[in-house]
Amino acid sequence: MIPYGRQDIRPADIDAVVEVLNSDYLTQGPAVPRFEQAMAERVGVSHAVAVNSATSALHIACLALGLGNGDLMWTSPITFVASANCGLYCGAEIDFVDIDPVSYNLDPVALEEKLRAAKVAGRLPKVVVVVHLCGQSADMKSIKALSDAYGFHLIEDASHAVGGKYDGGYVGNCRYSDVTVFSFHPVKIITTGEGGMALSNDNAVAERMRLFASHGVTRNTEQMTKEPDGPWYYQQVALGFNYRMTDLQAALGCSQLSRLDEYIVRRQYLADRYDHLLGDTPVVTPVRSVDASSSFHLYVIRVAPSHRQALFEHLRGKDIGVNVHYIPVHTQPYYEALGFKSGDFPEAERYYQEAISLPLYPGLSESDQDYVVATLKEFFSS
Ligand SMILES: *Cc1c(COP(=O)(O)O)cnc(C)c1O
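Residues numbered from 1 in each chain as written. Predicted model: local features only at pLDDT ≥ 70, side-chain atom pairs only at ≥ 80, totals over all residues. Heavy atoms only, no water.

Some details on the pattern of salt bridges
Alright, step 1. Counting across every chain of the model gives 22 salt bridges.
Alright, step 2. Across the pair Asp13 and Arg259 runs a salt bridge whose closest N-O atoms are separated by 2.8 Å. Remark: Arg259 occurs in the loop between α8 (247–257) and α9 (260–277) and Asp13 occurs in helix α1 (residues 11–21); sequence separation between them is 246 residues.
Alright, step 3. Overall, the relative accessible area of 1% leaves Asp13 in the buried class.
Alright, step 4. A salt bridge links Arg116 to Glu112, with the nearest nitrogen and oxygen atoms 3.9 Å apart. (Salt bridge = Lys/Arg side-chain N within 4 Å of Asp/Glu carboxyl O. Helix = DSSP H or I, 4+ residues; strand = E, 2+ residues; numbered from the N terminus. Buried < 20%, exposed > 50% of the residue type's maximum accessible area, 1.4 Å probe, protein only.)

Structural notes on the domain arrangement of the protein chain
Alright, step 1. Assigned domains of the protein chain: these are domain 1 (2–257) and domain 2 (260–381).
Alright, step 2. Computed over C-alpha atoms only, the centres of domain 1 and domain 2 are separated by 25 Å.
Alright, step 3. Tallying the contact residues gives 47 residues for domain 1 and 50 residues for domain 2.
Alright, step 4. Surface buried jointly by domain 1 and domain 2 totals about 4,100 Å² across both partners, of which 61% is contributed by carbon and sulfur atoms.
Alright, step 5. When the buried surface of domain 1 facing domain 2 is broken down by residue, Ile2, Tyr4 and Tyr104 rank first, second and third, together holding 20% of it.
Alright, step 6. Applying the counting rule to domain 1 against domain 2 returns two salt bridges.
Alright, step 7. Salt-bridge contacts for Asp261 lead to Arg42; the nearest nitrogen and oxygen are separated by 2.9 Å.
Alright, step 8. Counting across the domain 1 and domain 2 interface gives 26 residue pairs in polar contact (both at pLDDT 80 or more).
Alright, step 9. If you list the elements that add at least two residues to the side of domain 1 that touches domain 2, you get α4 (82–89), β3 (93–96), β6 (165–166) and α8.
Alright, step 10. Of the residues belonging to the side of domain 1 that touches domain 2, the class tally is 26 nonpolar, 10 polar and 11 charged. (Domains from an automatic or database assignment. Contact = heavy atoms within 4.5 Å. Buried area = accessible area lost by both parts, 1.4 Å probe. Polar contact = N/O pair within 3.5 Å; in protein donor to acceptor, adjacent residues only side chain to side chain. Nonpolar A, V, L, I, M, F, W, Y, C, P; charged D, E, K, R; others polar.)

Here's the deal with the UniProt feature "active site" (unreviewed entry) in the protein chain
Alright, step 1. Listed under "active site" (unreviewed entry) in the UniProt record, and renumbered for this structure, are Lys188.
Alright, step 2. Its location among the elements puts Lys188 in the loop between β8 (179–183) and β9 (196–200).
Alright, step 3. In this structure Lys188 comes out as buried when scored by relative accessible area, which is 15%.
Alright, step 4. Leaving out residues up to four positions away in the same chain, Lys188 has contacts with Ser159, His160, Ser183, Arg267 and His297. (UniProt positions renumbered as here; feature names shortened; annotations may be inferred.)

Concerning the site of the ligand
Alright, step 1. The local shell around the ligand holds 15 residues, among which Thr55, Asp157, His160, Ser183 and Lys188 are the closest.
Alright, step 2. A distance of 2.7 Å separates a nitrogen atom of the ligand from a polar side-chain atom of Asp157.
Alright, step 3. At 2.9 Å, a side-chain N or O of Lys188 approaches an oxygen atom of the ligand.
Alright, step 4. Compared with its free state, where it exposes 380 Å², the ligand has 92% of that area covered by protein.
Alright, step 5. When contributions to the shell around the ligand are tallied by element, the ones reaching two or more residues are α3 (54–64) and α4. (Near = heavy atom within 4 Å. Areas by Shrake-Rupley, 256 points an atom, 1.4 Å probe, with all protein chains shown as cover.)

As for unusual backbone geometry
With glycine set apart, most residues show a phi of negative sign, and most peptide bonds adopt trans.
Alright, step 1. Residue Tyr326 follows His325 across a cis peptide bond; omega there is 5°.
Alright, step 2. With respect to the helices and strands, Tyr326 occurs in the loop between α10 (305–317) and α11 (333–336).
Alright, step 3. Its identity as a non-glycine residue notwithstanding, Cys174 has a phi of 55°, on the positive side.
Alright, step 4. The residue Cys174 is located in the loop between β7 (169–170) and β8 in this model.
Alright, step 5. A positive phi is found at His215, a non-glycine position, where the angle reads about 70°.
Alright, step 6. A relative accessible area of 35% places His215 in the partly exposed class.

Below is the structure:
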């Protein structure tokens with residue numbers, strides 16, 4: 001089976017993990033701050049907080065921005081469920097903003113319309129989570145302008161977009177947001193097994209995220225409300241979680257990060273090659289935004305709804321591990337029970353009827369890619 005995505009693990013990665021296993025610290029040692037600093041320098045941001053998943057990073061980002069009971073959080077319906085669940089963890093109410101039919105990212109025009117109505121109703125969101133689907137940044141300049149005008153916080157769910165660029169800088173620099181979140185799950189761009197990171201230029205937000213990631217416990221006397229009893233003293237000042245990344249994971253992350261450029265070059269090369277090879281087929285290939293350079297976590301094609309399932313089954317039947325990203329979150333039973341229903345976000349639902357993710361990862365060979373394309377063409381010619 002040719003999978004839709006796959007990690008790339010090399011001997012240097014294994015050596016880096018073994019080195020930690022032979023060291024004094026398996027967790028809370030030097031590898032985690034080393035990984036945080038390397039990533040912060042790489043993307044050009046002040047603070048990086050490594051955690052055990054992007055889901056945890058989204059949760060601590062929402063908490064640090066003060067999202068709580070009675071607040072509203074909005075996100076895109078075309079994403080993994082974690083982008084919405086983080087708001088529910090905080091007791092907030094979730095709503096969605098439909099996608100742009102060309103980029104498949106949250107549509108700034110739909111956002112503005114919804115904000116105008118929400119302002120009249122006195123129901124403005126406290127946080128909007130923007131998802132950079134497939135690794136291509138959303139239109140952050142327009143969305144940031146709306147955040148300034150309407151006074152909500154912005155989180156970029158850049159789980160797909162590690163190594164992507166926007167407006168001349170790296171995704172993760174938080175130029176247009178309060179917090180950016182990365183995922184290091186094995187199907188994503190670089191991996192730590194499970195893992196994630198929350199990035200910010202705001203000192204107070206970063207400090208609160210660090211607190212929430214580690215039990216709400218601090219050893220920083222400036223955060224304490226009482227005088228320390230002695231040098232052993234620590235204080236719990238918030239209800240936090242254990243979302244820490246281990247040193248084993250961080251060492252793997254550092255090693256993987258050193259090959260990020262290589263991965264992006266390869267993914268973009270294979271994406272360009274798909275564009276070219278699929279040029280004379282009825283499929284719609286991804287449209288490139290002029291402001292962004294995609295990391296190409298996913299290569300999503302669209303086909304007529306009447307062909308989608310048959311093509312999917314044809315490819316799977318020929319050992320090609322195609323997938324669908326994503327089922328609109330508002331149509332999940334859990335969200336339907338909260339009051340959402342089919343028809344609420346038409347562009348997202350239309351996209352879902354037509355989308356297929358083709359295999360794309362650095363280790364995909366040209367000959368395997370040719371086989372994917374030939375198998376797809378065979379479907380349309382039969
Ligand atoms: C993978 C993913 C997540 C969750 O990442 P984990 O590291 O697995 O928790 C969140 N949002 C999006 C868009 C994702 O693709």
